[in-house]
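Report on the structure
What follows is each chain in one-letter form.
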2 protein chains.
Amino acid sequence: MEEKKVVVIALGGNAILQPGQKGTFEEQMKNVETTCKQLTQMVLSGKYKIVITHGNGPQVGNILLQNETAKGVAAPMPLYVCGAESQGLIGYMIQQSLHNLLQDVGKGDIPVATVVTQVVVDKNDPAFQNPSKPVGPFYSEEEAKRLADEKGYHVKEDAGRGWRRVVPSPDPLEIFEKEAIRQLIAARSSVIASGGGGIPVVKKDGKLEGVDAVIDKDLAGERLAVDVEAKVFLILTDVDQVKLNYKTPQEKGISKMTVEEAKRYRDEGHFAKGSMEPKVRAAIRFIEAGGEKAIITSLGKAMDALEGKAGTTITR
Amino acid sequence: MEEKKVVVIALGGNAILQPGQKGTFEEQMKNVETTCKQLTQMVLSGKYKIVITHGNGPQVGNILLQNETAKGVAAPMPLYVCGAESQGLIGYMIQQSLHNLLQDVGKGDIPVATVVTQVVVDKNDPAFQNPSKPVGPFYSEEEAKRLADEKGYHVKEDAGRGWRRVVPSPDPLEIFEKEAIRQLIAARSSVIASGGGGIPVVKKDGKLEGVDAVIDKDLAGERLAVDVEAKVFLILTDVDQVKLNYKTPQEKGISKMTVEEAKRYRDEGHFAKGSMEPKVRAAIRFIEAGGEKAIITSLGKAMDALEGKAGTTITR
């Protein structure tokens, strides 16, 4: 029997909440079910062991907003603790949904589990000198400056829409719970881990300490893929393929590219910062760290892309 | 080498938040550290593999309050989803603290992981006909009755302090993620699971669905102990021993009791409902399900109690 390949799947934001939705639990659960239908196919193919990671932007945004709104009646938690809460929330939805779909086809005995995951970042990462990732609610200028004074928040004006808190987005170095995640994979569980890019922690004399930061979920997914020795790293987003000359008349999908080609296209400016660029960067890193292939595609094309029939595949 | 014994430890509320505290993250983390110092000793003794479960009353209470207060700006999550969030929150605190203390003595390589845990209850459990467990904030009578109308909440007046929502407290039947938890224990991880009594779910044609309910954490801990085949079930509370004639001049600590004795004392009314009674009930169940010994004691006496030198030990 051929050994099953470990695939780490990074789910895009749309996998849990669609633009324009209010974020009720029912809406989110329905989206998660649509997503898990695709993931179920991968499990049922018998070829893959799946490890799922996911974004948490809207969810942690809501938790932050709840913390802030209720601060007069309940002690607000730090951002990284809100991140831990969102891992419980989203992990629960995915693990239940994936189980229910497997159960539907008589495979309910495959264990699915969510591991609360800390991700180590370097306390000297230059990102800490330049907080740039907006999180949480919009404020008036006055309120933003008060928060900056009182809590030491970094705040920035966000393109005419108001002021927001900005936090550092440091590079992920290590999935701290990698050993437990590996144990679960080895014992045939499907695992959900490193949600929202992980709970960011720094090491001080080997001891962990939470920090208010946001780790890019695709870069954290790459770390996860390396740390669990995955063969394939699959990044799901809202387009079927990476494009050259995106949104111009010369737009052209890329089916396959080598790391070298990917770097050239990147240097030529084909990939939008904060959007496709970090995904391509994560894919490049994965291959350079010894991974077999990285794939960037949409949820609907995921199975085909794993078979090399869709999406963009990046190899050495 | 003697095989390590699996011990399931149910932490009492004081382990995370002390009465009268505000519930800031710093306070909670400090309490968790004090607790984890005791747990670290168990790990370091080399005799035990530990599985930790814990209450979540104050934490899920705050999350509910945040959800309610912010309902105009962020879609509130159901109670059971708030429970999932609290597992992320508390699991993070315990796993980080336990690691840091192990790291302090050069044992930072022992993996510690939190598993988001669903606990199956019977949808026909009579508790669903008689919701009695108060959760969340206090309301005025008017507000309580409006919530009862609008959301179908059951509400009750709480001893002159105001009105509260009450939910069912059904019996735990199965720790749904038991397989994953067992895998982790087998691979020498310390595991945190079934926090807050677990996320209550019912099965419909084998599929899981969350329900608004609260499962007693000691009874869920007992299920966990059975499901992971623990030898010892250790319930930590705020007294060193179970007492006969508690808070009377005839008060007397119990060092050891058989299941039969425990049942007799219970029938004689020695154990307060909603307090010591469910703990003794959980201990009895554990032994009747084949467990070796159940122990009820305080955090400070936990190590001594494991050696038979303190606490109350219940055996066949």
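About the criteria used
Residues numbered from 1 in each chain as written. Chains lettered and ligands numbered in written order. Predicted model: local features only at pLDDT ≥ 70, side-chain atom pairs only at ≥ 80, totals over all residues. Heavy atoms only, no water. Helix = DSSP H or I, 4+ residues; strand = E, 2+ residues; numbered from the N terminus. Expected span 1.5 Å × (residues − 1). Buried < 20%, exposed > 50% of the residue type's maximum accessible area, 1.4 Å probe, protein only. Pairing = 2+ DSSP bridges. pLDDT = per-residue confidence, 0-100. Contact = heavy atoms within 4.5 Å. Axes fitted to C-alpha atoms, helices over the stretch in contact; angles between N-to-C directions. Least-squares fit on C-alpha atoms with pLDDT ≥ 70 in both. Buried area = accessible area lost by both parts, 1.4 Å probe. Salt bridge = Lys/Arg side-chain N within 4 Å of Asp/Glu carboxyl O. Polar contact = N/O pair within 3.5 Å; in protein donor to acceptor, adjacent residues only side chain to side chain.

1. A word on helix α8 (residues 276–288) of chain A
Residue and element names in this part refer to chain A. Between its first and last C-alpha atoms α8 spans 18 Å; for 13 residues at 1.5 Å apiece the expected length is 18 Å, and the two agree. Along α8, ten of the 13 residues are buried, which leaves the element largely enclosed by surrounding structure. Among the residues making up α8, those that are buried are Met276, Glu277, Pro278, Lys279, Val280, Ala282, Ala283, Ile284, Phe286 and Ile287. Positioned one or two residues after α8, Gly290 has a phi angle of 110 degrees, which is positive.

2. A word on the sheet that holds strand β11 (residues 207–210) of chain B
Residue and element names in this part refer to chain B. Ordered in space as β8-β4-β10-β11, the four strands form an open sheet in which the pairing is mixed. Since the sheet does not close on itself, it has two edges, and those belong to β8 (174–175) and β11, each with one partner. Bridge count for strand β4 (residues 118–121) against β8 is two bridges, and the pairing is antiparallel. Bridging across to β8, Val120 finds its partner in Glu174.

3. Considerations on the confidence of the model for chain A
When the pLDDT values of chain A are averaged, the result is 95; 99% of them are 70 or greater. Taken over the whole predicted complex, pTM reads 0.97, whereas the ipTM for its chain interfaces reads 0.96.

4. With respect to unusual backbone geometry
Residues and elements named next belong to chain A. Residue Asp205 is not a glycine yet carries a positive backbone phi of 50 degrees. Checked against the element boundaries, Asp205 lands in the loop between β10 (199–204) and β11 (207–210). By relative accessible area, Asp205 is classed as exposed at 76%.

5. Remarks on the sheet that holds strand β4 (residues 118–121) of chain A
Ordered in space as β8-β4-β10-β11 (chain A), the four strands form an open sheet in which the pairing is mixed. The sheet is open, and its two borders are formed by β8 (174–175) and β11 of chain A, each paired with just one other strand. Of the strand pairs in this sheet, β10(A) and β11(A) are connected by four bridges, and their pairing is antiparallel. Bridge pairing in β11(A) links Val202(A) to Glu209(A). Sheet strands in contact with helix α3 (residues 79–104) of chain B are β4, β10 and β11 of chain A, and its direction is about 150 degrees off that of β11(A).

6. Thoughts on the relation of the copies chain A and chain B
With an RMSD of 0.0 Å, the fit of chain A onto chain B corresponds to turning through 180 degrees and sliding 0.0 Å along the axis. As the rotation angle and translation indicate, the two copies are arranged about a two-fold axis. The overlap is high: 100% of the interface residues of chain A also sit at the interface in chain B, so the same surface is used on both sides.

7. A word on the interface of chain A and chain B
Listed as interface residues are 54 residues of chain A and, on the opposing side, 54 residues of chain B. Considering only the surface of chain A that becomes buried against chain B, Gln66(A), Tyr92(A) and Gln183(A) emerge as the three largest contributors, covering 14% of it. Counting the contacts that link chain A with chain B gives two salt bridges. Put simply, Asp104(A) and Lys207(B) hold a salt bridge, and the shortest N to O gap is 3.2 Å. One can count 20 residue pairs in polar contact (both at pLDDT 80 or more) joining chain A with chain B. Elements that contribute at least two residues to the side of chain A that touches chain B include exactly α1 (25–44), α2 (57–69), α3 (79–104), β3 (112–115), α5 (178–186), β10 and β11 of chain A.

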